[in-house]
Amino acid sequence: MVNILHIADVQEKLQKVEEMVHQLLSDVIFTAPAGLPGRDIQVLPPHKHPHKKGFTLVEGRARFMHDLANIELQALELAIRTLVEFPHAPKLFREQLADVALSEARHLQACLKQLSVSGFNWGHWPIHAALWNSVSADDDLLDRIFIVHRYLEGSGLDAGDTLLRRLRGMSETNEQKVMQMIHDEEVGHVAFGSEWYRRICADLKLDPDHKMKEQIGRLRTVLPKRLDKISVETRKKAGFTENEIVMLDNLRLSFLEQSKGPGPLHPVQHSATDRAEEIPVLN
């Protein structure tokens, strides 16, 4: 049996992901690592990463692909982690999540390929583990769906819309094509989370709005703090209601107010546009 969560080499992870997904759907039992999943490059807190250059430079766009590869790597691992930690989740949910994991693997491969084309290697810069650290073995399934698919991936849609506008302001680049492909598919990933969030709430006889309000209050200290404006139309395409968008915007505004207080700003993702400026969110 192969457990890609323990494999450090990123290419080996990609080679083994399909095998592990099939094993998980066949009810093979795995365990998630107690700490970080295997890594073959340096992991540092985001505020310790070197300064990033702009998209007009090849190096700036390569760094963007490197950061995005790290996001896709964590997205892949989070999908696998949910399959590992929730073996008794509904069968259809697990099958659809397995498809999401394979999609994230394709996204990661696309980022790594473009990074190489640009003349840079995986590991040229450090990476962070902020998204992996947002979840816990203590999560229930609704928490995991909210954190990963509705908050992290949903925030990625907000950032993605802005990033695509920036990239379209330049001559067409391969990075723009990769980002567009990923962004288009991520709408479906977030919609998957929205659909199953409501299904499970219905099964548990919970009001989705009340449940989401409770989760925001309880989980806000572990969520990466996003100050980007919410992309309302894209969120609606991904299954968010008006009430949910208002709740998330209120959370964003509370983070914005918090960021104005004393102390260092680095724990808050305060760039409105640039994954190359702050922690990229899950995409």
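Refer to the structure presented above.
Heads up: these notes are all about the structure in this document.

**A closer look at the pattern of salt bridges**
Turning to step 1, where the next piece is worked out: All chains considered together, the criterion is met by 21 salt bridges.
Turning to step 2, where the next piece is worked out: The partner of Arg 39 in a salt bridge is Glu 77, with the nearest N and O atoms 2.6 Å apart. Taken together, the residues span a long stretch of sequence, with Arg 39 in the loop between α1 (10-25) and α2 (58-85) and Glu 77 in helix α2 at a distance of 38 residues.
Turning to step 3, where the next piece is worked out: Residue classification places Glu 77 among the buried residues on the basis of a relative accessible area of 0%.
Turning to step 4, where the next piece is worked out: Among the ionic pairs, Glu 214 bridges to Arg 218, the shortest N-O distance being 2.5 Å. A residue pair is termed a helical-turn pair when its members lie 3 or 4 positions apart in one helix, as Glu 214 and Arg 218 do in helix α6 (residues 208-219) at 4 residues.
Turning to step 5, where the next piece is worked out: Salt bridges sharing partners connect three or more residues here, namely Arg 81, Glu 85, Asp 139 and Arg 144.

**Thoughts on the packing of α2 against helix α3 (residues 91-117)**
Turning to step 1, where the next piece is worked out: Axis separation between α2 and α3 bottoms out at 8 Å; the angle between their running directions is 160°. With respect to their mutual orientation, α2 and α3 come out roughly antiparallel. For the pair α2 and α3, the crossing hand works out as left-handed.

**Points about the nonpolar core**
Turning to step 1, where the next piece is worked out: In terms of nonpolar packing, the biggest core is built from 82 residues, with Ile 80 and Trp 122 touching the most fellow members.
Turning to step 2, where the next piece is worked out: Of all the elements in the fold, those that place two or more residues in this core are α1, α2, α3, α4 (141-168), α5 (174-203), α6 and α8 (242-259).
Turning to step 3, where the next piece is worked out: Contact partners of Ile 80, with chain neighbours within four places excluded, come to Ile 4, Leu 5, Val 17, Met 20, Val 21, Leu 24 and Ala 101.

**Description of the side chain of Glu 104**
Turning to step 1, where the next piece is worked out: Inspection of the secondary structure assignment puts Glu 104 in helix α3.
Turning to step 2, where the next piece is worked out: Among buried charged residues, Glu 104 stands out as having no salt bridge; its nearest opposite-charge side chain is Arg 106, 8.9 Å away.
Turning to step 3, where the next piece is worked out: For Glu 104, the side chain forms a polar contact with the side chain of His 189, separated by 3.0 Å.

**A closer look at the environment of Leu 152**
Turning to step 1, where the next piece is worked out: Here Leu 152 is to be found in helix α4.
Turning to step 2, where the next piece is worked out: The buried category is assigned to Leu 152, whose relative accessible area is 1%.

**As for unusual backbone geometry**
Turning to step 1, where the next piece is worked out: In this model, Asp 27 sits at a positive phi of 70°, which is unusual for a non-glycine residue.
Turning to step 2, where the next piece is worked out: Assignment of secondary structure puts Asp 27 in the loop between α1 and α2.
Turning to step 3, where the next piece is worked out: Look at Lys 205: it is not a glycine, yet its phi comes out positive at around 60°.
Turning to step 4, where the next piece is worked out: Considering the arrangement of structural elements, one finds Lys 205 in the loop between α5 and α6.
Turning to step 5, where the next piece is worked out: We classify Lys 205 as exposed; its relative accessible area is 75%.

What counts and what doesn't
Residues numbered from 1 in each chain as written. Predicted model: local features only at pLDDT ≥ 70, side-chain atom pairs only at ≥ 80, totals over all residues. Heavy atoms only, no water. Salt bridge = Lys/Arg side-chain N within 4 Å of Asp/Glu carboxyl O. Helix = DSSP H or I, 4+ residues; strand = E, 2+ residues; numbered from the N terminus. Buried < 20%, exposed > 50% of the residue type's maximum accessible area, 1.4 Å probe, protein only. Axes fitted to C-alpha atoms, helices over the stretch in contact; angles between N-to-C directions. Parallel < 35°, antiparallel > 145°, perpendicular 65-115°, else oblique. Left-handed = near helix turned anticlockwise from the far one by under 90°. Core = buried A, V, L, I, M, F, W, Y, C linked by side-chain atoms within 4.5 Å. Contact = heavy atoms within 4.5 Å. Lys, Arg positive; Asp, Glu negative; His and termini not counted. Polar contact = N/O pair within 3.5 Å; in protein donor to acceptor, adjacent residues only side chain to side chain.

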